[in-house]
Amino acid sequence: MSAQPFLAVTDLRGRALTRAELSAALPRAELDVEAAVAAVRPVVEDVASRGAAAVLEASERFDGIRPPHVRVPQAELQRALDELDPQIRAALEDSAQRVRSVDSSQQRPAESVQVVPGGTVSQRWVPVRRVGLYAPGGRAVLPSSVVMNVVPAQVAGVEQIVLASPPQPEFGGLPHPTILAACALLGVDEVLAVGGAQAIALLAHGAEDLGDDRGLDPVDLVTGPGNVYVAAAKRAVRGTVGIDAEAGPTEIAILADASAHPAYVAADLVSQAEHDPLAASVLVTDSTELVAAVEAELARQVPEARHRERIEEALRGVQSGVVLVDGIDQGLEVVDAYGAEHLEVQTADAAAVASRVTNAGAVFVGPYSPVSLGDYAAGSNHVLPTGGSSRYDGGLSVQTFLRGIHVVEYDREALAGARDTATVLARAEGLPAHGRAVDLRFES
């Protein structure tokens, strides 16, 4: 085994950097979504034009199989559930129950404000009518992503849910049976055997006939994680439909001090690197002793891992590394500039430190809240913003599937009280017809 360290070190101690300089100095995945958009646009346009025929051709080209059915038959969904390992079924049920308990607390009641006597503005929350959910099927099969997408949509009250997942050659062109079983378990009965950019295009544009004498209505919103081509396809269809986010490679940042357990820190860095060679694992610390201990743990843990090569590539990639800081205050500046998808805080008084974090998809506090808990069983959602987008965006939740609609109701007296403000501003903006629409109501 090579003595080369797994993690490159960026030393920020004693340096006063602006936020822009700090962001530029941090490890980050090199991902060109715009270049991928150019690659997927012909696929998206072909699916929009030719529907199922284009989908089948793309599946054969990219997934190595032409599925016999684009729409998965109901019998296959039920068979997958019937044959599901009872332990996996119990785990999926428990995971869904935990997510549902958290999501149920996020439902928002209608709100009404009396602005003036006789004048109210209310806001009611209306679910998106039809959503398309994407469950990846590449290096890892992720039934947990089915749970994380479906449950908040159901809690929000979404009427129609359609889920797409790539066809698998080893399963005769169907999505992985555990994905199908998770759909059946959660009551999702419209499932498509289609992956990648062609899946996003099909959800966005629909099709006249999927080859079973039934069409597919386009959705209003597409959510779910995927690779760079899925992210690029989302960018290409944005505007035709809503999207949750353009997810990039997964990330973990760990803010730790000398009190952190090096084996825990190393294990959590490894667990994220297991996803993908482009996954980012970043340790932010003021303790050189911890860095040495974590490196020793990585030297022990990585060779024992099932996906050793993938993990090594991710840990040694430009997107991963150690960032040395002067103390926790500078460490907080670093993690806020980084805006990690997943941020662990393993420090003394971790809850107080975590309360000062402003940019992260999700924060995991203390030694017994690893990111992998959030992936499966915390009750939180694991579909989270990546690439620093937590600065302006949040993770998937019930709110993703709701729209706030203002309802304005003024009587004549309330309108009279607002008349001068409305007409003066209308004149100031050079829009006299706006003011006239108010004044007309007070003419005999």
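Please refer to the structure placed before this passage.
Note that the structure is predicted; figures quoted are calculated from it, not measured.

Cut-offs used in this document
Numbering of residues starts from 1 in every chain and runs along the sequence as written. Given that this is a predicted model, residues contribute local features only at a pLDDT of at least 70 and side-chain atom pairs are listed and counted only at 80 or more, while totals for whole chains, interfaces and linings are drawn from all residues. Only heavy atoms go into the side-chain values, all of them from the structure, while hydrogens and water stay out. By the criteria applied, helices consist of DSSP H or I runs no shorter than four residues and strands consist of E runs no shorter than two, each listed in order from the N terminus. Here's how the labels work: a residue is buried when its accessible area is under 20% of the maximum for its type, exposed when over 50%, partly exposed in between, all with a 1.4 Å probe on protein chains only. Two residues form a contact once any of their heavy atoms are found within 4.5 Å. Fitted lines through C-alpha atoms serve as axes, helices being fitted only where they are in contact, and the angles separating the N-to-C directions of these axes extend from 0 to 180 degrees. Here the angle decides the label: under 35 degrees means roughly parallel, over 145 means roughly antiparallel, 65 to 115 means roughly perpendicular, and every other value means oblique. Each crossing gets its handedness from the near helix: less than a right angle anticlockwise from the far helix is left-handed, clockwise is right-handed. Charged residues are taken to be Asp, Glu, Lys and Arg, nonpolar residues to be Ala, Val, Leu, Ile, Met, Phe, Trp, Tyr, Cys and Pro, and polar residues to be all remaining types, Gly included. A pair of strands is considered paired only if DSSP assigns at least 2 bridges between the two. Note on patches: the residues involved have over 30% relative accessible area and no salt bridge, like charges join within 9 Å, and the nonpolar side chains Val, Leu, Ile, Met, Phe, Trp and Tyr join within 5 Å. Areas reported as accessible are Shrake-Rupley estimates using a 1.4 Å probe. Residue values count occlusion only from the protein chains shown. Whenever Lys or Arg places a side-chain nitrogen within 4 Å of a carboxyl oxygen from Asp or Glu, that contact is recorded as a salt bridge. Stacked, tilted and edge-to-face are the three classes applied to pairs of Phe, Tyr and Trp rings, where Trp contributes its six-membered ring and a pair requires centres within 6.5 Å; stacked means planes under 30 degrees apart, edge-to-face means over 60, and tilted covers the rest. Whether a charge sits over a ring comes down to the Lys NZ or Arg CZ being within 6 Å of the ring centre and within 35 degrees of the ring normal. In this description, a nonpolar core means a group of buried Ala, Val, Leu, Ile, Met, Phe, Trp, Tyr and Cys residues linked to one another through side-chain atoms lying within 4.5 Å.

## So, the overall build of the chain
Right, on to step 1. Looking only at helices and strands, one finds 17 helices and 14 strands in the chain.
Right, on to step 2. Principal axes of the C-alpha set define a box for the chain whose edges measure 90 × 60 × 40 Å.
Right, on to step 3. Looking at the chain as a whole, 49% of its 444 residues qualify as buried.
Right, on to step 4. Pairs at least 24 residues apart make up 74% of the contacts formed inside the chain by residues separated by at least 6 positions.

## Things to note about the packing of helix H8 (residues 196-205) against helix H9 (residues 228-237)
If you want to describe how two helices pack, look at the angle between their axes and the distance between the axes.
Right, on to step 1. Packing of H8 against H9 leaves a shortest axis separation of 8 Å and a crossing angle of 30 degrees. Classified by the angle between their axes, H8 and H9 sit roughly parallel to one another. For the element pair H8 and H9, the recorded crossing hand is right-handed. Every residue of H9 that contacts H8 at Gly 196, Ala 197, Ile 200, Ala 204 and His 205 is listed here: Tyr 229, Val 230, Ala 233, Lys 234 and Val 237.
Right, on to step 2. For the contact of H8 with H9, the class distribution of residues is 7 nonpolar, 2 polar and 1 charged.

## A look at the sheet that holds strand E9 (residues 251-256)
In sheet architecture, strand pairing relies on hydrogen bonds along the backbone and comes in two forms, parallel and antiparallel.
Right, on to step 1. The sheet built from 6 strands is open, its strands ordered E1-E11-E10-E9-E12-E13 with parallel pairing. Looking along the sheet, the strands with just one partner apiece sit at the ends: strand E1 (9-11) and strand E13 (362-365). With direction set aside, neighbouring strand axes in the sheet form an average angle of 20 degrees.
Right, on to step 2. In the sheet, E9 pairs with strand E10 (residues 280-285) via 6 bridges, with the strands oriented parallel. From the neighbouring strand, Glu 251 faces E10, where its bridge partner is Ala 280.

## Some points on a nonpolar patch on the surface
Right, on to step 1. A cluster of nonpolar residues, Val 113, Val 115, Val 116, Val 408 and Tyr 410, forms a patch on the protein surface that exposes about 410 Å² of accessible area.
Right, on to step 2. Looking at the nonpolar patch, the elements with two or more residues in it are strand E2 (111-116) and strand E14 (402-410).
Right, on to step 3. Broken down by element, the nonpolar patch gets its largest block of residues, 3 residues, from E2.
Right, on to step 4. Checked against the element boundaries, Val 408 lands in strand E14.
Right, on to step 5. In this structure Val 408 comes out as exposed when scored by relative accessible area, which is 59%.

## Some points on unusual backbone geometry
Right, on to step 1. For Asp 213, which is not glycine, the phi dihedral falls at a positive 65 degrees.
Right, on to step 2. Checked against the element boundaries, Asp 213 lands in the loop between H8 and strand E7 (221-223).
Right, on to step 3. Given the relative accessible area of 72%, Asp 213 is considered exposed.
Right, on to step 4. In this structure, Asp 349 is a non-glycine residue whose phi angle is positive, near 50 degrees.
Right, on to step 5. Judged by its relative accessible area of 59%, Asp 349 falls in the exposed class.

## Overview of helix H12 (residues 308-315)
Right, on to step 1. Looking only at H12, the buried set comprises Arg 310, Ile 311, Glu 312, Ala 314 and Leu 315.
Right, on to step 2. Contacts made by the buried residues of H12 are with helix H10 (262-273), E10 and helix H11 (288-301).

## Things to note about the packing of aromatic side chains
Right, on to step 1. In the structure shown here, the tally under the stated rule is 1 aromatic pair.
Right, on to step 2. Directly above the aromatic system of Phe 6 lies the positively charged group of Arg 316, at a separation of 4.4 Å from the ring centroid.

## A word on the pairing of strand E11 (residues 321-324)
Right, on to step 1. Judged by which residues are buried, E11 turns out to be covered on both faces: Gly 321 and Val 323 on one side and Val 322 and Leu 324 on the other are all buried.
Right, on to step 2. Relative to E11, E10 runs parallel, the two sharing 4 bridges. Bridge pairing in E11 places Leu 283 opposite Val 322.

## Quick notes on the nonpolar core
Right, on to step 1. Counting residues in hydrophobic clusters, the biggest one holds 39 residues, and the most contacted among them are Val 131, Val 146, Val 150, Ile 161, Leu 163, Val 191 and Phe 401.
Right, on to step 2. For this core, the secondary-structure elements that each account for two or more residues are helix H4 (74-82), helix H5 (86-104), strand E4 (130-134), helix H6 (143-156), strand E5 (160-165), helix H7 (177-186) and strand E6 (190-193).
Right, on to step 3. Of all the elements, H6 adds the most residues to this core, at 8 residues.
Right, on to step 4. Beyond its immediate stretch of four places on either side in the chain, Leu 163 contacts Leu 133, Ala 135, Val 146, Val 150, Ile 179, Cys 183, Val 188, Glu 190, Val 191 and Leu 192.

## Quick word on the side chain of Glu 251
Right, on to step 1. Mapped onto the secondary structure, Glu 251 falls in strand E9.
Right, on to step 2. Overall, the relative accessible area of 4% leaves Glu 251 in the buried class.
Right, on to step 3. Not counting chain neighbours up to four residues away, the residues in contact with Glu 251 comprise Arg 28, Gln 272, Ala 280, Tyr 338, Gly 339, Ala 340, Glu 341, His 342, Thr 386, Gly 387 and Gly 388.

## Description of the pattern of salt bridges
Right, on to step 1. The full count for this structure, using the stated rule, is 23 salt bridges.
Right, on to step 2. In this structure, Arg 50 engages Glu 57 in a salt bridge whose closest nitrogen and oxygen atoms are separated by 2.8 Å.
Right, on to step 3. Its relative accessible area of 36% is what places Arg 50 among the partly exposed residues.
Right, on to step 4. A relative accessible area of 38% means that Glu 57 is categorised as partly exposed.

## What about the packing of helix H2 (residues 33-50) against helix H3 (residues 52-62)?
Right, on to step 1. As a packed pair, H2 and H3 sit with axes 6 Å apart at the nearest point and diverge in direction by 145 degrees. Judged by residue contacts, Val 43, Asp 46, Val 47 and Arg 50 of H2 engage Ala 52, Ala 53, Ala 54, Val 55, Glu 57, Ala 58 and Phe 62 from H3.
Right, on to step 2. Here the contact of H2 with H3 is composed, by residue class, of 8 nonpolar, no polar and 3 charged.

## What to know about the sheet that holds strand E3 (residues 119-127)
Right, on to step 1. The 3 strands lie next to each other as E2-E3-E14, forming an open sheet whose pairing is antiparallel. Two strands close off the open sheet at either side, each with one partner strand: E2 and E14. Between one strand axis and the next, the sheet turns by 20 degrees as a mean value, whatever way the strands run.
Right, on to step 2. This element, helix H16 (residues 412-428), spans E2, E3 and E14 of the sheet and lies at about 95 degrees to E14.

Distances and angles like these do not, on their own, reveal function.
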